[in-house]
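Chain and residue survey
Chain by chain, the residues:
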Amino acid sequence: MTTAQTQELDVQPTPLALLLLGREADPRSERGVECPGDLPSPSDPDLVERARAAKAKLGDKVFVLGHHYQRDEVIQFADVTGDSFKLARDAAARPQAEYIVFCGVHFMAESADILTGDDQKVVLPDLAAGCSMADMATAEQVAECWDVLTEAGIAEQVVPVSYMNSSADIKAFTGRHGGTICTSSNAKRGLDWAFEQGEKVLFLPDQHLGRNTAVRDMGMSLEDCVVYNPHKPNGGLTAEELRAAKMILWRGHCSVHGRFSLDSVNEVRERIPGVNVLVHPECRHEVVAAADHVGSTEYIIKTLEAAPAGSKWAIGTELNLVRRLANRFASEDKEIVFLDRTVCFCSTMNRIDLPHLVWALESLAEGTLVNRIEVDKETEAFAKLALERMLALP
């Protein structure tokens, strides 16, 4: 249908339709829409030297953070590596750095901006490096969910707990409503604290981490958990179901960890006798239940560091990290394989490539600030409140 025809029929394109067509932008969304400037070709043989030169020119003015899931070509320029929260705290511990270049995804850069000083500027080399999980919960959807809980008469009993892998808007919602943030390594502590404050938890945005923590680590049953689907009226739940539930799980998931299946676990055990299956708690419940070890990214790394020589491991997490660990421990005769036969990188993490990093560093070295991630003051205040509650957990 042409524009003239839609005007004749008085049909107005929705904001979502315009966004999908690339004609509008949503500043609250994880997904960026453009990266201005000419990028060198990925095959440019001078990229590594250009990155080194730009970083050297910037000196102590720049601090480069590299998430574990980044490509090796990017990680080599990171001053520190780690998971999202560790990196945000590392940035806050470097107040002398004028520029924080975050090689990760959008919500991580937001967290760094929240925790760093007002005079520090956080840069994301590619604005399109978002997070599909974080995108699964918008501020409007969560506000509507809270209205549903209010109408069911339980909102006063509910404490929101939001995973670190969420937008600043969701962290701010959590702060406003007396909740806390958690990571994959302290989710149980976050939930323990929340149940001391109220009778129920609204867990955002990853249903699998919430369910696995509640059932595996806290002894709840699967029946204690319900899934709120923001795309259905009232979340697809009755008021009675909401009143009976202890854990109200948002219908979100990680596109990488969510792909691992029970078949993946069974297949690797048949293929590699004696293999240890080690998975991230963002995996599905049946995968976590069938695994030998479950834990955060840092837990996975430490477990492999402590593993005996000659041991065999199938890892259920992002492929860049698995490959890096396999290469690192090959000399110790540790066999490390990806849990699934089908290769799967985190597509948005991989948007931060060497050309984008070079462009960002060279721009900063020339005095041009690009791709700054800046959280507005009101959102920052409430998001920081939720983060500080996490930091105060015993």
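Since we're looking at a predicted model, the values are computed, not measured. (Residues numbered from 1 in each chain as written. Predicted model: local features only at pLDDT ≥ 70, side-chain atom pairs only at ≥ 80, totals over all residues. Heavy atoms only, no water.)

1. Focus on the sheet that holds strand S14 (residues 372-373)
The sheet built from five strands is open, its strands ordered S2-S1-S3-S4-S14 with mixed pairing. The open sheet is flanked by strand S2 (80-82) and S14, the only strands paired with a single partner. Of the pairings in the sheet, the one linking strand S1 (residues 62-67) to strand S3 (residues 99-103) comprises five bridges and is parallel in character. The residue of S3 that forms the bridge with Val64 is Val101. Along the sheet, helix H17 (residues 354-365) makes contact with S1, S3 and strand S4 (121-123), crossing S3 at roughly 175°. (Pairing = 2+ DSSP bridges. Helix = DSSP H or I, 4+ residues; strand = E, 2+ residues; numbered from the N terminus. Contact = heavy atoms within 4.5 Å. Axes fitted to C-alpha atoms, helices over the stretch in contact; angles between N-to-C directions.)

2. Focus on the packing of aromatic side chains
With the rule as written, the count across this model stands at three aromatic pairs. Seen from their ring centres, Trp146 and Phe173 are 5.6 Å apart, and the 80° between their planes marks the pair as edge-to-face. One end of the pair, Trp146, is in helix H8 (residues 139-151); the other, Phe173, is in helix H9 (residues 168-176), with 27 residues separating them in the sequence. Comparing Trp146 with Phe173, the two get one shared label, buried. Both rings, one in Tyr228 and one in Trp250, keep their centres 5.3 Å apart while their planes meet at 25°; by these two values the pair is stacked. In this pair, Tyr228 is assigned in strand S8 (residues 225-228) and Trp250 in strand S9 (residues 247-250), connecting sequence segments 22 residues apart. Here Tyr228 matches Trp250 in class, with each residue buried. (Phe/Tyr/Trp six-rings, centres within 6.5 Å; stacked < 30°, edge-to-face > 60°. Buried < 20%, exposed > 50% of the residue type's maximum accessible area, 1.4 Å probe, protein only.)

3. Topic: helix H16 (residues 319-328)
Along an α-helix, residues three or four apart share an orientation, since each turn contains 3.6 residues. Among the 10 residues that make up H16, seven are buried, leaving the element largely enclosed by the rest of the structure. The set of residues buried in H16 consists of Leu319, Asn320, Leu321, Val322, Arg324, Leu325 and Ala326. At the N-terminal end of H16, a side-chain oxygen is found 2.6 Å from the backbone nitrogen of Asn320, two or three residues along, and the residue is Glu318. (Polar contact = N/O pair within 3.5 Å; in protein donor to acceptor, adjacent residues only side chain to side chain.)

4. Considering the nonpolar core
Counting 109 residues, the largest nonpolar core has Val101, Phe203, Met247, Val279, Leu304, Ile336 and Leu339 as its most contacted members. When neighbours within four sequence positions are excluded, Ile336 is seen to be in contact with Leu304, Trp313, Ile315, Val322, Leu325, Ala326 and Phe329. Listed in part, the 21 residues of the second largest apolar core include Ala137, Leu202, Val226 and Ile248. (Core = buried A, V, L, I, M, F, W, Y, C linked by side-chain atoms within 4.5 Å.)

5. Here we look at the pattern of salt bridges
Taken as a whole and assessed by the stated rule, the structure comprises 19 salt bridges. The salt bridge partner of Asp192 is Lys188, with a shortest N-O separation of 2.8 Å. With Asp192 and Lys188 both in helix H10 (residues 187-197), this residue pair falls four residues apart, about one helical turn. Look at Asp192 and you get partly exposed, because its relative accessible area is 29%. One salt bridge connects Glu240 with Arg243, and the closest N-O pair in it is separated by 3.7 Å. Of this pair, Glu240 and Arg243 are both found in helix H12 (residues 239-244), three residues apart, which corresponds to roughly one turn of the helix. Exposure remark for Glu240: the relative accessible area of 53% places this residue in the exposed category. The class of Arg243 is partly exposed, set by a relative accessible area of 44%. Connected through shared salt-bridge partners, Lys61, Glu98 and Lys121 make up one network. (Salt bridge = Lys/Arg side-chain N within 4 Å of Asp/Glu carboxyl O.)

6. Concerning empty space enclosed by the protein
Per the counting criterion, the structure on display carries one cavity of 30 Å³ or more. Its volume calculated, the largest cavity comes out at about 340 Å³. If you trace the largest cavity, you find 30 residues lining it, with His67, Tyr69, Met108, Asn165 and Glu282 closest to the centre. When its residues are assigned to classes, the lining of the largest cavity shows 13 nonpolar, 14 polar and three charged. (1 Å grid on protein atoms, 1.4 Å probe; cavity = no way out; pocket = protein on both sides within 12 Å on 5 of 7 lines; lining within 4 Å. Points joined across faces, edges and corners; volume = space filled by probe spheres on them. Nonpolar A, V, L, I, M, F, W, Y, C, P; charged D, E, K, R; others polar.)

7. A few points about the side chain of Asp353
Relative to the elements of secondary structure, Asp353 occurs in the loop between strand S13 (335-338) and H17. Despite its burial, Asp353 remains without a salt bridge, the nearest opposite charge being carried by Arg71 at 4.5 Å. Those residues in contact with Asp353 that sit more than four places away from it in its chain are Arg71, Glu73 and Val74. (Lys, Arg positive; Asp, Glu negative; His and termini not counted.)

8. Things to note about the sheet that holds strand S10 (residues 276-279)
Read across the sheet, four strands follow the order S11-S10-S12-S13 without closing on themselves; strand pairing throughout is parallel. In this open sheet, the two edge strands, each paired with only one partner strand, are strand S11 (293-294) and S13. As paired strands, S10 and S11 are joined by two bridges and run parallel to one another. Pairing of Val279 across the sheet is with Val294, part of S11.

9. Here we look at the packing of helix H15 (residues 297-306) against H16
H16 packs onto H15 with a crossing angle of 15° between their chain directions and a minimal axis gap of 11 Å. Judged by the angle between their axes, H15 and H16 are roughly parallel. When you trace H15 past H16, the crossing you get is right-handed. On H16, the residues that touch Thr297, Ile300, Ile301, Leu304 and Glu305 of H15 are Leu321, Leu325 and Arg328. (Parallel < 35°, antiparallel > 145°, perpendicular 65-115°, else oblique. Left-handed = near helix turned anticlockwise from the far one by under 90°.)

Any functional reading would require information beyond the geometric quantities listed.
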